[in-house]
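# Overview (structure and organization)
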Amino acid sequence: MRKLLVYLKDYKKESILAPLFKMLEASFELFVPLVMAAIMNQGIQQKDLPFIWKMAGILLLLAVVGLSCSLTAQYFAAKAAVGFAAKLKAALFSHIQRFSFSEIDEAGTATLITRMTSDMNQVQNGVNMVLRLFLRSPFIVLGAMVMAFIVDWKGALVFVVAIPLLSIVVFGIMLITIPRFRKVQEGLDRVLGITRENITGVRVIRAFHQEEEEEKRFHISNEDLTRLQLIVGRISAVMNPVTFIIVNAAVIALLFIGGEQVDTGHLTQGEVVALVNYMNQILVELVKLANLIITITKAVACGNRIQAVFEMEVSQEFSETEAEENRKDEIIVAFEDVSFAYRNAGDEALSHINLQVKRGDTIGIIGGTGSGKSTLVHLLPRFYDVTKGRIRIDGVDIMEYPKDQLRNKIGIVMQKAVLFKGTIRENLLWGNENATEEQLQRALRIAQGLEVVERKEGGLDARITQGGKNLSGGQRQRLTIARALVREPEILILDDSTSALDYATDARFRKALSELAPKPTIFLVSQRTASIQNADRIVVLDDGEVAGIGTHEELLEHCEVYQEIYHSQNQKEVQRA
């Protein structure tokens, strides 16, 4: 958490002025009991109405000045806290953007969202409260004791006994509850995790009629959270009665001592009331301080969780020098004894892959679930880095490419079609922000997406909701393909990106793709043999290893894995034969 405070450096002035104005407010507050004592001693006892009005004016002035100081302090505290959180969010978001897929897999999407939202809010609230109260509460406790000694040192001895007792009770209960508050926070995280999972997966839950099971799971976690909160609540509930017992006992002692002092003429009635007011001020501030420390504890815990994300090392480094490519070479992509293992995974996902791809060729990639198809193509744009071996593009090791130079060569359509809130045009321009209307129309025509645009009111300027929820799966896939084609990449990766298309649309798309000029080098990942059988070469993967490379006909003759996949998808034709 301490390392995060560097983001407060631009708010030094606010961080000083906020507690300063709070202590000014506290200073004025300490004079209020003395003014009240004066009103009782001189105004009420001597029935001096002008004096009472004069003191009332002073009280009003103290209230106005105190309120002004309080508002000013809260303004500076809020400005510092909000500015700090904004800079911290920007830094965290920028750090996450540098993560490779390995770091994102390790941290988890839900965890990163929680760090960016609820944890960030707790830290912001903690900074705000510290700037406002961390100095004010101790200042009033000490100030009230000093003022009590100024009023009467004998009566102030009650404070010497009462304040340690109050501190023991308040901070003792706080020390007991802080670890339990952490458990409450963990329980809340579990409840929020289940809630998020159920909301995002609601269609699957209903499809499998698991509503009752999920309700039971939620109720178990919710009851655990309630039990923890009740335990903390019961312990915290002890604070008020015990502190009030101590304060009331102290007040009785003050009244007893004060009464004797009044009788002997050493103390006035107003001064006794002032001592009681100072005791009440101390009680209020100690309770505030205890609550503040609990808030700080939560903020520190959340800050440490944010710091843990910052401490995750970015595994990838990119060159800053533009690579000198050999575009005359017939081979555009070369996998040279490439192996890859996911972080913290025992076995390799890919083993000893050797493959050379000619410029303009279409390479089909097929295999069973978990065979490494997506992993293989994700190595090209360096979403993951190879564990062993190397990959060359245009004769250059991809580790030597700057990020922009490498990624600009590649257009990729992921397995899951993801669109962003905005218009169709804005989503397509992700591929090339300078694309012309003609380029957009051409990409849509090849991707079979013109029909999608024409059906939408507004055409290219039709609105898309977050995640493209107002489009069907096939429509989303066609638009994501068009987005990749707008870039006019040298290498086009289609990672099972036509799975939601019907066979006729898929066939039209493949035909349009084959007629592209200039034709990119295409890596076509698919579960369907029909989608890749016209590829120049097909790579068959089995458990991370190459089971065969060749044309459709060659693999049908020599590759058992390919034969099994093909025949399983074409059983009717086999039975007819």
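The rules behind these values
Residues numbered from 1 in each chain as written. Predicted model: local features only at pLDDT ≥ 70, side-chain atom pairs only at ≥ 80, totals over all residues. Heavy atoms only, no water. Helix = DSSP H or I, 4+ residues; strand = E, 2+ residues; numbered from the N terminus. Rg over C-alpha atoms; globule rule 2.2 N^0.38 Å. Buried < 20%, exposed > 50% of the residue type's maximum accessible area, 1.4 Å probe, protein only. Contact = heavy atoms within 4.5 Å. Areas by Shrake-Rupley, 256 points an atom, 1.4 Å probe, with all protein chains shown as cover. Lys, Arg positive; Asp, Glu negative; His and termini not counted. Charge placed at Lys NZ, Arg CZ, Asp CG, Glu CD. Pairing = 2+ DSSP bridges. Axes fitted to C-alpha atoms, helices over the stretch in contact; angles between N-to-C directions. Core = buried A, V, L, I, M, F, W, Y, C linked by side-chain atoms within 4.5 Å. Patch = residues over 30% accessible without salt bridge, like charges linked within 9 Å, V, L, I, M, F, W, Y side chains within 5 Å. Salt bridge = Lys/Arg side-chain N within 4 Å of Asp/Glu carboxyl O. Expected span 1.5 Å × (residues − 1). pLDDT = per-residue confidence, 0-100.

Now for the overall build of the protein. A tally of regular secondary structure across the protein gives 21 helices and 12 strands. Over its C-alpha atoms the protein spans a radius of gyration of 36 Å, topping by over 25% the 25 Å that the globule rule assigns to 577 residues. Dimensions of the protein along its principal axes, counting C-alpha atoms only, are 120 × 50 × 50 Å. Taken across its 577 residues, the protein has 45% of its residues classed as buried. When contacts within the protein are restricted to residue pairs at least 6 apart in sequence, long-range pairs at least 24 apart make up 77% of them. Accessible surface, the protein as shown: approximately 30,100 Å² in total, 57% of it carbon and sulfur. For the protein, the centre of its 64 positive side-chain charges and the centre of its 68 negative side-chain charges are spaced 6 Å apart.

Sheet topology places strand E11 (residues 537-542) next to strand E12 (residues 545-550); 5 bridges connect them, and they run antiparallel. Within the sheet, the bridge partner assigned to aspartate 542 lies in E12 and is glutamate 545. As consecutive antiparallel partners, E11 and E12 are separated by 2 residues, and within that stretch aspartate 543 has a phi angle of approximately 55°, a positive value.

The next point concerns the sheet that holds strand E9 (residues 491-495). The 6 strands are arranged E6-E9-E10-E3-E11-E12 in an open sheet whose pairing can be described as mixed. For this open sheet the edge positions go to strand E6 (410-413) and E12, each flanked by a neighbour on one side alone. Between one strand axis and the next, the sheet turns through 15° on average, direction left out of account. Bridge count between E9 and strand E10 (residues 521-525): 5 bridges; the pairing is parallel. Paired with leucine 494 across the bridge in E10 is leucine 524. Packing against the sheet, helix H16 (residues 473-486) makes contact with E6 and E9, and its axis sits at approximately 180° to E6.

Formed by 39 residues in total, the largest nonpolar core has its most connected members in Ile424, Leu428, Leu479, Leu485, Leu494, Leu513 and Ile538. A total of 6 residues in this core trace back to one element, the largest contributor, which is H16. Filtering out sequence-adjacent residues up to four positions away, leucine 479 remains in contact with Leu419, Ile424, Leu428, Leu444, Val452, Ile464 and Leu471. Judged by nonpolar contacts, the second largest core, of 35 residues, contains Ala156, Val158, Val169 and Leu283.

Attention now goes to a nonpolar patch on the surface. On the surface, a cluster of nonpolar side chains totalling about 670 Å² of accessible area is made up of Phe149, Trp153, Leu157, Val160, Val161, Leu165 and Ile168. Within the secondary structure, phenylalanine 149 is located in helix H5 (residues 136-151). Given the relative accessible area of 34%, phenylalanine 149 is considered partly exposed.

When the terminal C-alpha atoms of H5 are compared, their 22 Å separation across 16 residues agrees well with the 22 Å that a helix rising 1.5 Å per residue should span. Among the residues of H5, Arg136, Ser137, Ile140, Val141, Gly143, Ala144, Met147, Ala148 and Val151 are the ones counted as buried. On its buried side, H5 packs onto helix H1 (12-44), helix H4 (109-133), helix H6 (153-200) and helix H10 (269-310).

For the rest of this paragraph, the subject is the confidence of the model for the protein. Interpretation of this model should avoid reading the predicted coordinates in detail wherever pLDDT is low. Averaged over all residues, the pLDDT of the protein equals 87, while 99% of them reach at least 70. In the model, residues 572-577 has pLDDT below 50 throughout and makes 1 contact with residues more than four positions away in sequence or in other chains.

Per the stated rule, a full pass over the model turns up 32 salt bridges. Glutamate 197 is paired through a salt bridge with arginine 217; the nearest N and O atoms lie 2.6 Å apart. With glutamate 197 in helix H6 and arginine 217 in helix H8 (residues 211-237), the pair connects residues that are 20 residues apart, well separated along the chain. Owing to a relative accessible area of 44%, glutamate 197 belongs among the partly exposed residues under this scheme. The exposure class assigned to arginine 217 is partly exposed, which follows from its relative accessible area of 32%. Residues arginine 510 and aspartate 506 are paired through a salt bridge, measuring 3.5 Å at the closest nitrogen-oxygen approach. Taken together, the residues span about one helical turn, with arginine 510 and aspartate 506 both in helix H17 (residues 503-514) at a distance of 4 residues. The structure contains a network of salt bridges with shared partners spanning Lys22, Glu25, Glu29, Arg136, Glu285 and Lys288.

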